[in-house]
Amino acid sequence: MGRVPHTPQPENPEKPVTPDPAVMRAQYRAEAFVESDLAATPMEQFASWFKDAVTGGLHEPNAMVVSTATPDGRPSSRTVLLKGYDERGFVFFTNYGSRKGREIEANPYVGLLFPWHALGLQVVVTGTASRVGRAETAAYFRTRPHGSQLGAWASDQSQPVASRAELLGRYEELATRYPDGEPVPVPPHWGGVRVVPETVEFWQGHENRLHDRLRYVREAAGWRVERLCP
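Below is a short write-up of the structure. Keep in mind that what you see is a predicted model, and the values were worked out from it rather than measured. (Residues numbered from 1 in each chain as written. Predicted model: local features only at pLDDT ≥ 70, side-chain atom pairs only at ≥ 80, totals over all residues. Heavy atoms only, no water.)

1. With respect to the overall build of the protein
What the protein contains, in helices and strands, is five helices and nine strands. When the elements of the protein are put in sequence order from the N terminus, they spell out α-β-β-β-β-α-β-β-α-α-α-β-β-β. Against the globule reference of 17 Å for 230 residues, the protein gives a C-alpha radius of gyration of 23 Å, more extended than a compact globule. Principal-axis analysis of the C-alpha atoms places the extent of the protein at approximately 80 × 55 × 40 Å. (Helix = DSSP H or I, 4+ residues; strand = E, 2+ residues; numbered from the N terminus. Rg over C-alpha atoms; globule rule 2.2 N^0.38 Å.)

Right under this line is the structure:
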């Protein structure tokens, strides 16, 4: 009778295996990203990559990590949706009383990160932030779904709340006051923030971790491009 092969069994088959991040890695593309590939300005280059992110089917390609800091350098980060960009910079909207709103008011230096991992691309921005005009805020606010308009009033962003029930109660009260179809006023404590870039880095993954990093740096005469080591 033939010998039955022995299959090793885990010592404790019911114990879940804890993933080890140290062994997780992906190999990136081999095509080089060189200076001659760049557009004349960082916003033109961003528009090109943003189009690739949208057509590439990424979930929420306009999601970006916004990093702010207190005047004494204590940082905080969160994911926010980009709602506009042009040669003046990148725009998002927020409650000005939120943590990021308060930190920007006290320290305007901001970092943005677009982590388009599925494409092996990232865009990293540093710059200064300031509020957009109220007319621009109102124009955008009117494009938001009715529920999102109410949410901007209901949420005292970044402040403690006793329970989700309390938050929903605020929302329902507003929904009664402003039923669907009824204009919702723009909250005075809510609005747009524009980040004017000082540097914009375009990162493309490369094999053997020799990634391409091309960075635009703002100067008095325009933009200078430099290559960074990965």
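Next comes the rest of the account.
2. Section: the pattern of salt bridges
Tallied over the full model, the rule gives 13 salt bridges. The closest approach of N and O atoms between Asp212 and Arg227, which form a salt bridge, is 2.8 Å. With Asp212 in strand E8 (residues 212–219) and Arg227 in strand E9 (residues 222–227), this residue pair connects regions lying 15 residues apart in the sequence. In this structure Arg227 comes out as partly exposed when scored by relative accessible area, which is 38%. Linked by salt bridges that have partners in common, Arg215, Glu219, Arg224 and Glu226 make up one network. (Salt bridge = Lys/Arg side-chain N within 4 Å of Asp/Glu carboxyl O. Buried < 20%, exposed > 50% of the residue type's maximum accessible area, 1.4 Å probe, protein only.)

3. As for the packing of aromatic side chains
Inspection of every chain in the model, using the stated rule, returns 18 aromatic pairs. Geometrically, the ring pair formed by Phe46 and Phe50 is stacked, given 5.7 Å between the ring centres and 15° between the ring planes. One end of the pair, Phe46, and the other, Phe50, are both in helix H1 (residues 42–55), four residues apart, so they sit about a helical turn from each other. The class of Phe46 is buried, set by a relative accessible area of 0%. With a relative accessible area of 16%, Phe50 lands in the buried category. Across from the ring centre of Tyr96, 3.8 Å away, lies the NZ or CZ of Arg131, which sits over that ring. (Phe/Tyr/Trp six-rings, centres within 6.5 Å; stacked < 30°, edge-to-face > 60°. Lys NZ or Arg CZ within 6 Å of the ring centre and 35° of its normal.)

4. Considering the layout of surface pockets
A volume near 370 Å³ is recorded for the largest pocket. In terms of lining residues, the largest pocket is bounded by 18 residues, among which Phe93, Thr94, Arg144, Gln157 and Trp190 are the most central. (1 Å grid on protein atoms, 1.4 Å probe; cavity = no way out; pocket = protein on both sides within 12 Å on 5 of 7 lines; lining within 4 Å. Points joined across faces, edges and corners; volume = space filled by probe spheres on them.)

5. Observations concerning the pairing of E9
Here E8 runs beside E9; their pairing, made up of six bridges, is antiparallel. Residue pairing in the sheet places Tyr216 in a bridge with Val225 of E9. Hairpin connection between E8 and E9: a loop of two residues separates the two successive antiparallel strands. (Pairing = 2+ DSSP bridges.)

6. Thoughts on the packing of helix H4 (residues 146–154) against helix H5 (residues 164–177)
In contact at an axis separation of 9 Å, H4 and H5 are set at 125° when each is read in the N-to-C sense. Between H4 and H5, the crossing angle belongs to the class labelled oblique. When you trace H4 past H5, the crossing you get is right-handed. From H4, Gly147, Leu150, Gly151, Trp153 and Ala154 reach across to H5, where they touch Leu167, Arg170, Tyr171, Leu174 and Ala175. (Axes fitted to C-alpha atoms, helices over the stretch in contact; angles between N-to-C directions. Parallel < 35°, antiparallel > 145°, perpendicular 65-115°, else oblique. Left-handed = near helix turned anticlockwise from the far one by under 90°. Contact = heavy atoms within 4.5 Å.)

7. Considerations on unusual backbone geometry
One non-glycine residue with positive phi stands out, namely Ser158, at about 75°. Mapped onto the fold, Ser158 is located in the loop between H4 and H5. You will see that Asn208, though not glycine, has its phi angle at about 60°, which is positive. Here Asn208 lies in the loop between strand E7 (190–204) and E8.

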